[in-house]
Amino acid sequence: AQKVTQAQTEISVVEKEDVTLDCVYETRDTTYYLFWYKQPPSGELVFLIRRNSFDEQNEISGRYSWNFQKSTSSFNFTITASQVVDSAVYFCALSEPQGGSEKLVFGKGTKLTVNP
Amino acid sequence: EPEVTQTPSHQVTQMGQEVILRCVPISNHLYFYWYRQILGQKVEFLVSFYNNEISEKSEIFDDQFSVERPDGSNFTLKIRSTKLEDSAMYFCASLLGETDTQYFGPGTRLTVL
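Keep in mind that this is a model prediction, so the values were computed, not measured.

Draft legend 1. Representation of the interface of chain A and chain B. Tallying the contact residues gives 19 residues for chain A and 21 residues for chain B. Summing both sides of the interface, chain A and chain B together bury roughly 1,700 Å²; the carbon and sulfur share of this comes to 55%. Where chain A meets chain B, there are one salt bridge. The partner of E56 of chain B in a salt bridge is K103 of chain A, and the shortest N-O contact between them spans 2.7 Å. At the surface where chain A touches chain B, the tally comes to six residue pairs in polar contact (both at pLDDT 80 or more). For the side of chain A that touches chain B, the secondary structure elements donating two or more residues are β5 (33–39) and β6 (46–52) of chain A. Broken down by element, the side of chain A that touches chain B gets its largest block of residues, four residues, from β5 of chain A. Here the side of chain A that touches chain B is composed, by residue class, of eight nonpolar, six polar and five charged.

Written out as structure tokens, the structure is:
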């Protein structure tokens, strides 16, 4: 069965600190996709990244970077030089295309607070 | 940039009433979804819809829920007789194809009194 675990419920940092949000997943499939979404206080879900299971290359997008390690079933997200605008709840999610519906299974989210 | 839209943004209803939440997915997308997020909790899958039929539904999606794509653009979620525990944010999402990304609408906050 699919499962996504975000062990960090809340993280608080001071602006300009680096912060890493952890995500561990469980799946029986060899083909799957991993995602990160941001949910700011306004409530919408903002897509950040999608990674397929065959691509373990780490990705960097500006201050954001993602570390995908199949050996530990982890897909961690790092924000470098955090800013107050990064304050949000961040969700990691998993989908298995062979399941047919492509549904997303979300973790419980990590609430990040960046203080000035 | 195309986006998923949802109406209304906030719906308040009395317990036992029927509500219909509306979504307009991105126009060329083929897969449609509803998710629910109870306040402060994780986002949970409700139902997926493809080729004019439900492709998968969760345990939450009981007989009180139904979905419909009445025309080429709208995708609706109906709750027949709302309960207090149905109070949540409901997100619609759409997907072009199996290897693509789901894009979410802004959500409808449902409050059942």
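Next comes the rest of the write-up.
Draft legend 2. Spotlight on the state of the cysteines. Enumeration over the complete set of coordinates arrives at two disulfides over all chains. Disulfide partner of C23 of chain A: C92 of chain A, at an S-S distance of 2.0 Å. Because the sign of the S-S torsion sets the handedness, a value of about -65 degrees for the bond joining C23 of chain A and C92 of chain A places this disulfide among the left-handed ones. Of this pair, C23 of chain A sits in the loop between β3 (19–21) and β4 (24–26) while C92 of chain A sits in strand β10 (residues 88–95), placing them 69 residues apart in sequence. Each member of the pair, C23 of chain A as well as C92 of chain A, carries the same accessibility label: buried. Linked covalently through their sulfurs, C23 of chain B and C92 of chain B form a disulfide whose S-S length is 1.9 Å. Its S-S torsion of approximately -65 degrees makes the covalent link between C23 of chain B and C92 of chain B left-handed.

Scoring rules and cut-offs
Residues numbered from 1 in each chain as written. Chains lettered and ligands numbered in written order. Predicted model: local features only at pLDDT ≥ 70, side-chain atom pairs only at ≥ 80, totals over all residues. Heavy atoms only, no water. Contact = heavy atoms within 4.5 Å. Buried area = accessible area lost by both parts, 1.4 Å probe. Salt bridge = Lys/Arg side-chain N within 4 Å of Asp/Glu carboxyl O. Polar contact = N/O pair within 3.5 Å; in protein donor to acceptor, adjacent residues only side chain to side chain. Helix = DSSP H or I, 4+ residues; strand = E, 2+ residues; numbered from the N terminus. Nonpolar A, V, L, I, M, F, W, Y, C, P; charged D, E, K, R; others polar. Disulfide = S-S within 2.5 Å. Buried < 20%, exposed > 50% of the residue type's maximum accessible area, 1.4 Å probe, protein only.

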